Amino acid sequence: MADVPGATLADVMPEQVADAAAPPAEMSEAPVYERKVDDLGRSYATGKRKDAVARVWVKPGKGQIVVNGRESDVYFARPTLRMIIRQPFDVIERKTEYDVFCTVKGGGLSGQAGAVRHGISKALTLQDPDLRSPLKKAGFLTRDSRTVERKKYGKPKARRSFQFSKR
């Protein structure tokens, strides 16, 4: 190639250059999301946050949310936790169109509320794939992977040191 003036890589190896220029077939198309619903019209998803795991079923209904057999307002007494659970419905602007039934285990109430929100968002995308875009933009489909840091030996907590004494 250096010997021939004006020669390009395409002149020397035309088949390799043509293969490299074409985009791969898998990458050219966007993924297509399908509706996944069982015989009863419910969609199921698992949500996680900290140590909490929520199993969530969503079906068309009147906007009722049941957590571990109790109303969500009874189970999550704090208003902030209730707000966290209802955020996916606020984003898609369909507060009274879906009923939610879920069971939550592990963690504390804050982690459980985050797990339920994550599970509701995932189940809604399975119920109606068009809802994926607004929920993804709001960040509800991403699992918050932050967990509690472990305690280290020689320290009272994960990073806290004992009080320094000069004498």
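Before reading on, note that the structure itself is shown above.
Residues numbered from 1 in each chain as written. Predicted model: local features only at pLDDT ≥ 70, side-chain atom pairs only at ≥ 80, totals over all residues. Heavy atoms only, no water.

Caption draft 1: Here's a closer look at the packing of helix H4 (residues 79–92) against helix H5 (residues 109–127). At a minimum axis distance of 8 Å, the contact between H4 and H5 shows a crossing angle of 15°. The orientation of H4 with respect to H5, classified from their angle, is roughly parallel. Once H4 is placed against H5, the crossing between them reads as right-handed. Contacts from Leu81, Ile84, Ile85, Gln87, Pro88, Phe89 and Ile92 in H4 reach Leu109, Ser110, Ala113, Gly114, Val116, Arg117, Ile120, Ser121 and Leu124 in H5. Looking at the contact of H4 with H5 residue by residue, the classes come out as 11 nonpolar, 4 polar and 1 charged. (Axes fitted to C-alpha atoms, helices over the stretch in contact; angles between N-to-C directions. Helix = DSSP H or I, 4+ residues; strand = E, 2+ residues; numbered from the N terminus. Parallel < 35°, antiparallel > 145°, perpendicular 65-115°, else oblique. Left-handed = near helix turned anticlockwise from the far one by under 90°. Contact = heavy atoms within 4.5 Å. Nonpolar A, V, L, I, M, F, W, Y, C, P; charged D, E, K, R; others polar.)

Caption draft 2: The pairing of strand S1 (residues 43–49), seen in detail. Burial of the side chains of S1 is restricted to one face: Ser43, Ala45, Gly47 and Arg49 are buried, whereas none of Tyr44, Thr46 and Lys48 on the reverse face is. Note: S1 against strand S2 (residues 52–60), 7 bridges, orientation antiparallel. Residue pairing for S2: Gly47 is matched across the bridge by Ala54. Between S1 and S2, which pair antiparallel and follow one another directly, the connecting turn spans 2 residues, one of which, Lys50, has a positive phi of 50°. (Buried < 20%, exposed > 50% of the residue type's maximum accessible area, 1.4 Å probe, protein only. Pairing = 2+ DSSP bridges.)

Caption draft 3: The arrangement of H5 in detail. Between its terminal C-alpha atoms H5 stretches 26 Å, which fits the 27 Å expected from 19 residues at 1.5 Å a residue. Judged by how many residues are buried, H5 sits mostly within the fold: 14 of 19 residues are covered. (Expected span 1.5 Å × (residues − 1).)

Caption draft 4: Structural context of the nonpolar core. Judged by nonpolar contacts, the single largest core of 27 residues is most densely connected at Phe76, Phe89, Val116, Ile120 and Leu124. For this core, the leading source of residues is H5, giving 6 residues. If we skip the residues at most four places from it in the chain, Ile120 touches Val56, Val58, Ile85, Pro88, Phe89 and Val100. (Core = buried A, V, L, I, M, F, W, Y, C linked by side-chain atoms within 4.5 Å.)

Caption draft 5: Structural view of the pairing of S2. Taken together, the 8 bridges between S2 and strand S5 (residues 98–105) define a ladder with antiparallel strand orientation. Residue pairing across strands places Ala54 opposite Val104, the latter belonging to S5.

Caption draft 6: Molecular detail of the sheet that holds S2. Spatial ordering of the open sheet is given by S1-S2-S5-S3-S4, a layout of 5 strands whose pairing is mixed. Either end of the sheet is taken by a strand with one partner, and the two such strands are S1 and strand S4 (70–71). Where strand S3 (residues 65–67) and S4 come together, 2 bridges link them in antiparallel fashion. Bridge pairing in S4 links Val67 to Arg70. Sitting on the sheet, H5 is in contact with S1, S2 and S5, with an inclination near 150° to S1.

Caption draft 7: Local environment of the packing of aromatic side chains. All told, the structure shown has 3 aromatic pairs when counted by the stated rule. Arranged with centres 5.1 Å apart and planes meeting at 45°, the rings of Tyr44 and Trp57 form a pair that is tilted. With a gap of 13 residues between them, Tyr44 in strand S1 and Trp57 in strand S2 connect regions that are remote in the sequence. A relative accessible area of 37% places Tyr44 in the partly exposed class. Look at Trp57 and you get buried, because its relative accessible area is 18%. An angle of 85° between the planes, with centres 4.9 Å apart, marks the rings of Tyr75 and Phe76 as edge-to-face. For the residue pair Tyr75 and Phe76, the accessibility class agrees, reading buried in each case. Put simply, the rings of Tyr44, Trp57 and Phe101 pair up and form one aromatic cluster. A cation over a ring is seen here: Arg132 above Tyr33, with NZ or CZ 4.3 Å from the ring centre. (Phe/Tyr/Trp six-rings, centres within 6.5 Å; stacked < 30°, edge-to-face > 60°. Lys NZ or Arg CZ within 6 Å of the ring centre and 35° of its normal.)

Read these as geometric descriptors, not functional statements.
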